[in-house]
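Structural features, examined
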Amino acid sequence: MTRTPLIAGNWKMNKTHLEAQALVEDLNDALTDHDFDAVDVAVLPPFVDIRTVQTVLDAAKSSIGLGAQDISQHESGAYTGEVSAAMLKALNVTFAAIGHSERRQYHGEDEAITNAKVKAALGAGITPILCVGEPLEERRAGKHVEYTLAQLEGGLSGLSAAEAKQVVVAYEPVWAIGTGEVATPEDAQEVCGAIRDTLASLFDTDTAQAVRVLYGGSVKSSNVADIMAKDDIDGALVGGASLKADEFAALAGNAA
Ligand code: PEP
């Protein structure tokens, strides 16, 4: 089974819509057909930038995919401040990050919420990027694998194998996000391999082989190739290094 790698840039709460326009134009110019032949590349701008970025991508007939950093678990109605799957779908959004550690930490998102959001995304034909990963204490206690797998099982609860196949999983150890401290390729592989084994036991081997498992946490153009050389790592969810077009394009190029 060959899985097309995915390099997804999570812009977090950075870039006004004008800055977003410049960044995605520069990124589109910097990426080559060779990159797109080998890897899928997507950007996840803040909600208010999505329409602008979509317009740029459409006009350029770009192969860059568009994602959101979050999605509401509710269909519509009295949920002030939330953005629904249908609204995102109407803007050609094809990915949604779900359960990013910053959502879990600052917005109290637990497994019930991530599971509902995964289902809301799938219901609209949007690919969930389910983020899982342990805080430093769990790693120090040697509980990183079980902690991460519990988040995985909770987030995928109640899905059929056909639905699970459409999910992307991002393993992001919290201690490596935005800290400059990257997990070693061996550390990342240990957990990504355990994620794939768990997908096989929760669903089946076919599903486990189809799902893309990304690593995230201080990935840069200089370390992405070593990380992706590991068997069970199919790309990267990238924060800081996705905010500069040259660096992100170099990262995608090295992944390719
Ligand atoms: C992230 O936000 O998902 C992330 C991995 O950030 P960074 O690459 O900056 O560590």
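Preceding block: the structure.
Residue positions are counted from 1 within each chain, in the order its sequence is given. Owing to the predicted nature of the model, reporting of local features is limited to residues with pLDDT of at least 70; listing and counting of side-chain atom pairs is limited to 80 or more, with chain, interface and lining totals taken over all residues. Water and hydrogen atoms were dropped before computing side-chain values, which therefore reflect all heavy atoms in the structure.

Looking at the sheet that holds strand E6 (residues 168-171)
Ordered by their spatial adjacency, eight strands build a closed barrel running E1-E2-E3-E4-E5-E6-E7-E8, and the pairing between neighbours is parallel. With strand direction ignored, the average angle separating the axes of adjacent strands in the sheet is 25°. Being paired, for any two strands, means DSSP has found at least two bridges between them. Secondary structure elements are defined from DSSP: runs of H or I of at least 4 residues count as helices, runs of E of at least 2 residues count as strands, and each element is numbered from the N terminus. In terms of strand pairing, strand E1 (residues 6-10) meets strand E2 (residues 40-44) through five bridges, oriented parallel. Across the sheet, residue Leu 6 finds its bridge partner in E2, namely Asp 40. Contacts were defined at the residue level, with two residues in contact if any of their heavy atoms lie within 4.5 Å. Inter-axis angles, ranging from 0 to 180 degrees, are taken between N-to-C directions of lines fitted to C-alpha atoms, where helices are fitted over the stretch in contact. Sitting on the sheet, helix H3 (residues 47-59) touches E2 and strand E3 (65-68), and the angle it makes with E3 is about 170°. Each of strand E5 (127-132) and E6 is contacted by helix H8 (residues 144-155), which is oriented at about 150° to E5, the strand it contacts most.

Some points on the pattern of salt bridges
We define a salt bridge as a side-chain nitrogen of Lys or Arg found within 4 Å of a carboxyl oxygen belonging to Asp or Glu. This structure, assessed with the given rule, holds 14 salt bridges. For Asp 234, the salt bridge goes to Arg 3, with nearest N and O atoms at 3.0 Å. One end of the pair, Asp 234, is in the loop between helix H12 (224-228) and strand E8 (235-238); the other, Arg 3, is in the segment before E1, with 231 residues separating them in the sequence. Note that Lys 117 and Glu 109 form a salt bridge whose closest N and O atoms lie 2.7 Å from each other. The classification of residues rests on relative accessible area computed with a 1.4 Å probe and restricted to protein chains. Under 20% of the type maximum is buried, over 50% is exposed, and intermediate values are partly exposed. By relative accessible area, which is 3% here, Lys 117 ends up buried. Note on Glu 109: relative accessible area 6%, which makes it buried. Each of Arg 3, Arg 196, Asp 232 and Asp 234 takes part in one network of salt bridges that share partners.

Describing the environment of Ile 71
Counting through the fold element by element, Ile 71 comes out in the loop between E3 and helix H4 (85-89). Linking Ile 71 and Val 118, residues 47 residues apart in sequence, is a C-alpha distance of 8.8 Å. Those residues in contact with Ile 71 that lie beyond four places of it in its chain are Val 83, Ser 84, Ala 85, Leu 88, Ala 96, Ile 98, Lys 117, Ala 121 and Ile 126.

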